[in-house]
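Listed here are the chains, written in short residue letters.
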Amino acid sequence: MAYAEVNGQRLYFEDTGGSGPVIVFSHGLLMDHEMFVPQVAALRDRYRVITWDERGHGLTAGATLAPFSYYDSADDLAALLQHLGIKRAILAGMSQ
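Fair warning: this is a prediction, and the values are worked out from it, not measured in the lab.

Visitor: What am I meant to see in unusual backbone geometry here?
Guide: In terms of backbone geometry, most residues other than glycine have negative phi values and most peptide bonds are trans. The backbone of Asn7 shows a phi angle near 50°, a positive value even though the residue is not glycine. Following the sequence through the fold, Asn7 ends up in the loop between strand S1 (2-6) and strand S2 (9-15). Positive phi, close to 65°, is recorded for Leu30, a residue that is not glycine. On the basis of relative accessibility, which here comes to 74%, the residue Leu30 falls in the exposed class.

This is the structure:
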């Protein structure tokens, strides 16, 4: 299991690796990275696909119980991408 220590959080993420363009999937409220399993399977041969669990969700759930905003989620994703050395990515998501 992969975690990134960023912004005082221990964020869970999955990364297919590879040299293709990067796609990052962000889940909706009360969901987690697993909602994108079919998309990861379909795209992993052509893209580097990253899924992650936002604060209070999935395998990141124990990281914080404090309120957070969409801005916190955006900052967390930016920090995760920096942690992974990614300067450019396609963002995909649901709900939020």
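Picking up after the structure, the text goes on.
Visitor: Explain the packing of aromatic side chains here, please?
Guide: The geometry of two aromatic rings is summed up by the distance between their centres and the angle between their planes. Following the criterion strictly, the structure yields 2 aromatic pairs and no others. Between Tyr3 and Tyr12 the ring centres are 5.4 Å apart and the planes differ by 70°, which places this aromatic pair in the edge-to-face class. Of the residues examined, Tyr3 reaches a relative accessible area of 23% and is grouped as partly exposed. On the accessibility criterion, Tyr12 (5% relative accessible area) is buried. Note on Phe25 and Phe36: the rings are 4.7 Å apart at their centroids and 35° apart in plane angle, and the pair reads as tilted. Here Phe25 is found in strand S3 (residues 22-26), whereas its partner Phe36 is found in the loop between S3 and helix H1 (37-43), with 11 residues between them in sequence.

Visitor: I keep staring at the sheet that holds S2 and nothing clicks. Help me out?
Guide: The strand order across the open sheet formed by 5 strands is S1-S2-S4-S3-S5, and the pairing between neighbours is mixed. On the outer flanks of this sheet lie S1 and strand S5 (90-93), each paired with one strand and no other. Neighbouring strand axes in the sheet, compared pairwise and without regard to direction, differ in orientation by 30° on average. Bridging between S3 and S5 involves 4 bridges; their strand directions are parallel. Its bridge partner lying in S5, Ser26 is registered against Gly93. Contacting S1, S2, S3, strand S4 (48-52) and S5, helix H2 (residues 70-83) runs over the sheet at an angle of about 115° to S1.

Visitor: How should the environment of Ala2 be read in this particular structure?
Guide: Along the polypeptide, Ala2 turns up in strand S1. Along the backbone, Ala2 and Ile23 are 21 residues apart, and their C-alpha atoms lie at a distance of 17 Å. Contacts of Ala2, omitting those with residues within four sequence positions, involve Leu11, Tyr12 and Phe13.

Visitor: Sorry if this is basic, but what is going on with the nonpolar core here?
Guide: Note that soluble globular proteins tend to have their nonpolar side chains buried in a common cluster. Counting 14 residues, the largest nonpolar core has Val24, Trp52 and Leu80 as its most contacted members. The element best represented in this core is H2, accounting for 4 residues. Contacts of Trp52, omitting those with residues within four sequence positions, involve Leu11, Tyr12, Phe13, Val24, Phe25, Ser26, His27, His33, Ser73, Asp76, Leu77 and Leu80. Residues Ile23, Phe25, Val40 and Val49 belong to the second largest nonpolar core, which totals 6 residues.

What counts and what doesn't
For every chain, the first residue of its written sequence is number 1, and the numbers climb from 1 along that sequence. Since the coordinates come from a predicted model, pLDDT governs what is reported: local features require at least 70, and pairs of side-chain atoms require 80 or more to be given and counted, while whole-chain, interface and lining totals use all residues. Side-chain numbers here rest on the full set of heavy atoms in the structure, without hydrogens or water. Only DSSP runs of H or I covering at least 4 residues are called helices, and only runs of E covering at least 2 are called strands; the numbering of each starts at the N terminus. Classification of residues uses two cut-offs on accessible area relative to the type maximum, computed with a 1.4 Å probe and protein chains only: under 20% is buried, over 50% is exposed, and between them is partly exposed. Any two rings among Phe, Tyr and Trp, with Trp reduced to its six-membered ring, count as a pair given centres within 6.5 Å; such a pair is stacked if its planes are under 30 degrees apart, edge-to-face if over 60, and tilted if neither. One requirement defines pairing of two strands: DSSP has to find at least two bridges between them. All axes here are fitted lines through C-alpha atoms, helices being fitted over the stretch that makes contact, and every angle between N-to-C directions spans 0 to 180 degrees. Contacts are assigned to residue pairs with any non-hydrogen atoms lying within 4.5 Å of each other. Take the buried Ala, Val, Leu, Ile, Met, Phe, Trp, Tyr and Cys residues and link them wherever side-chain atoms come within 4.5 Å; each set so joined is a nonpolar core.

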